[in-house]
Amino acid sequence: MARASTTTARQKSSSSLDTLVEKLNSFSADNYWDLGKFLVEKVVPTALKEGIYSEQILKKMAEVPGFKFPFQMLKQCQMFYTYYPNVEKKPLPEIFYFELATKVNDSKQREAYEKMAVQNKWTISDLQKKIRDDELARRSDERTQYGFELKEKTIWSFDIPDPRFGKSGVKGRLPGQIVANALFYYTKPGARIVDPMAGSGTTGDVVEGTEFLSDRKVKMYDIEPADERITRANILQTGIPEETASVDYVFLDAPSEFFSQTNGGAASAAAAKAETLLKFKTITREASRILKNGGRVSIIAELVTGSFGVIDYPFEISMLMKDLGFVPIGKVYLPRHGSTRSKVIHTEGIKPMISDCKELLTFEKAAIIS
Ligand SMILES: C[S@@+](CC[C@H](N)C(=O)[O-])C[C@H]1O[C@@H](n2cnc3c(N)ncnc32)[C@H](O)[C@@H]1O
């Protein structure tokens, strides 16, 4: 019995859907307002009567074979009629209100645009341009509210280094926006930061030049200091001149030579890999020593490819960190900009590609549980 009544309800619901679909198909595709009116006055009440949301019925209809309106368009028409049920009494042509209803969420903002359009005798293109420009400006304000371009996803790509951070012309200089994002995500206010291979002093510039990060305290070292803020130290020989367990964050940007490609065969690749990993073992052990429990280290690493295959340094370094008792907490991709070309034509072995993405790996020193 129950089954029979369910079947009848289903049949009834599919036949009312068919009727609505048929009706809607008779609308002209550019008659947005009439379409919206029909959706609001007929389709939505039917959906509610059947206990489904209006969005669900629009989706269902859009899936019916032969139905001519895509879901997104139905939604736009519904919004258009909802916001402007008296569009014919409005001072501007209909298309302006369709644009406003579908592009501007805030009702006050819609009114403001309408006023501007009337006063300045805008064309529809003027209105579209103004809405687009305002949206771009709003997004850029959001991204730069911390004083640098904040990235919200795990690919941090910057075409041009922020000129405020680092010295142009210094080899290996990193776009300061990368350091700023790393400090934003991986350090807390007041953190003690060490950059043991500071190069052009980008980390110091970011902290000094960004109000949001200015409460961090930075110590910088380099084998060849670029200015007086950077203390001379060969960290591979003397270690990092900081007390044990005194630091919250280490930013490690080793020279690209550490990852340089070997053009020899498998034996020389294995030797180069062993040498690089030995250097990283020394540096990461030092980073681990100076970090407090719960402290973090970010390391820039990259893949190396050659006719011998691949040396996956990000993976190898992750293994070193694991052995030191660190847990991974972040992985970000840093695409390279500018052209890089292979100089060697390989005749044997695997045809190598050039890695065009570095990785920023971040690890946390696990607290020792006693
Ligand atoms: C890739 S650069 C760092 C660039 C820096 N992040 C910037 O934005 O300018 C690597 C730096 O490591 C330094 N370096 C290389 N070997 C070192 C060592 N054994 N001890 C300390 N610094 C070293 C180099 O002098 C170079 O400045």
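Owing to the predicted nature of the structure, the values given are computational and were not obtained by experimental measurement.

Conventions used here
- Residues numbered from 1 in each chain as written.
- Predicted model: local features only at pLDDT ≥ 70, side-chain atom pairs only at ≥ 80, totals over all residues.
- Helix = DSSP H or I, 4+ residues; strand = E, 2+ residues; numbered from the N terminus.
- Rg over C-alpha atoms; globule rule 2.2 N^0.38 Å.
- Buried ≥ 20, exposed ≤ 12 C-beta atoms within 10 Å, placed from the backbone.
- Contact = placed C-beta atoms within 7 Å.
- Near = placed C-beta within 6 Å.
- Nonpolar A, V, L, I, M, F, W, Y, C, P; charged D, E, K, R; others polar.
- Domains from an automatic or database assignment.
- Axes fitted to C-alpha atoms, helices over the stretch in contact; angles between N-to-C directions.
- Parallel < 35°, antiparallel > 145°, perpendicular 65-115°, else oblique.
- Left-handed = near helix turned anticlockwise from the far one by under 90°.
- pLDDT = per-residue confidence, 0-100.
- Core = buried A, V, L, I, M, F, W, Y, C linked by C-beta atoms within 7 Å.

## Regarding the overall build of the chain
Along the chain, the regular secondary structure elements total twelve helices and eight strands. For 370 residues, the compact-globule estimate of 2.2 N^0.38 gives 21 Å, and the C-alpha radius of gyration of the chain, at 30 Å, exceeds that figure by more than 25%. Looking at the chain as a whole, 31% of its 370 residues qualify as buried. The long-range share in the chain, meaning contacts at least 24 apart out of those at least 6 apart in sequence, stands at 68%.

## Quick look at the site of the ligand
Taken together, 21 residues lie near the ligand, and Gly-172, Met-197, Gly-199, Ser-200 and Thr-202 sit nearest. Where the shell around the ligand is concerned, the elements lending two or more residues are strand E2 (217-222) and helix H10 (235-238). Partitioned by chemical class, the residues of the shell around the ligand number eleven nonpolar, six polar and four charged.

## Observations regarding the domain arrangement of the chain
When cut into domains, the chain gives domain 1 (2-142) and domain 2 (176-365). Here the C-alpha centre of domain 2 lies 52 Å away from the C-alpha centre of domain 1.

## Some thoughts on the packing of helix H5 (residues 94-103) against helix H7 (residues 124-143)
Contact geometry for H5 and H7: axes closest at 10 Å, N-to-C directions at 15°. Comparing their axes, H7 and H5 come out roughly parallel. The way H5 lies across H7 gives a crossing that is right-handed. For the pair H5 and H7, contact is made by Ile-95, Phe-96, Glu-99 and Lys-103 and by Ile-124, Leu-127, Gln-128 and Ile-131, respectively. When grouped by side-chain class, the residues that make up the contact of H5 with H7 number five nonpolar, one polar and two charged.

## Examining the confidence of the model for the chain
Confidence in the prediction of the chain, expressed as mean pLDDT, is 88, and 91% of residues score 70 or more. Considering only residues more than four positions removed or in separate chains, one finds that residues 1-7, a stretch of pLDDT under 50, has zero contacts.

## What to know about the packing of helix H8 (residues 176-186) against helix H9 (residues 202-209)
At a closest axis distance of 9 Å, the pairing of H8 and H9 adopts a crossing angle of 65°. Viewed along their axes, H8 and H9 adopt a mutual orientation that is roughly perpendicular. Helix-helix and strand crossings are classified by hand; for H8 and H9 the assignment is right-handed. Side by side, H8 and H9 meet where Gly-176, Val-179, Ala-180 and Leu-183 of the first sit next to Thr-202, Thr-203, Asp-205 and Val-206 of the second.

## Topic: the environment of Arg-110
Structurally, Arg-110 can be placed in helix H6 (residues 107-119). What Arg-110 contacts, discounting residues up to four positions off in sequence, is Leu-100 and Val-104.

## What to know about the environment of Asp-248
Considering the arrangement of structural elements, one finds Asp-248 in strand E4 (residues 247-252). With 199 residues separating them in the primary sequence, Asp-248 and Lys-49 have C-alpha atoms 60 Å apart. Setting aside anything within four residues of it in sequence, one finds Asp-248 in contact with Thr-187, Ala-191, Arg-192, Ile-193, Lys-292 and Gly-295.

## Things to note about the nonpolar core
Core analysis: the largest hydrophobic core is formed by 51 residues, its most contacted members being Val-179, Val-250 and Leu-252. Core analysis: the second largest hydrophobic core is formed by 28 residues, Phe-69, Val-87, Val-104 and Tyr-113 among them.

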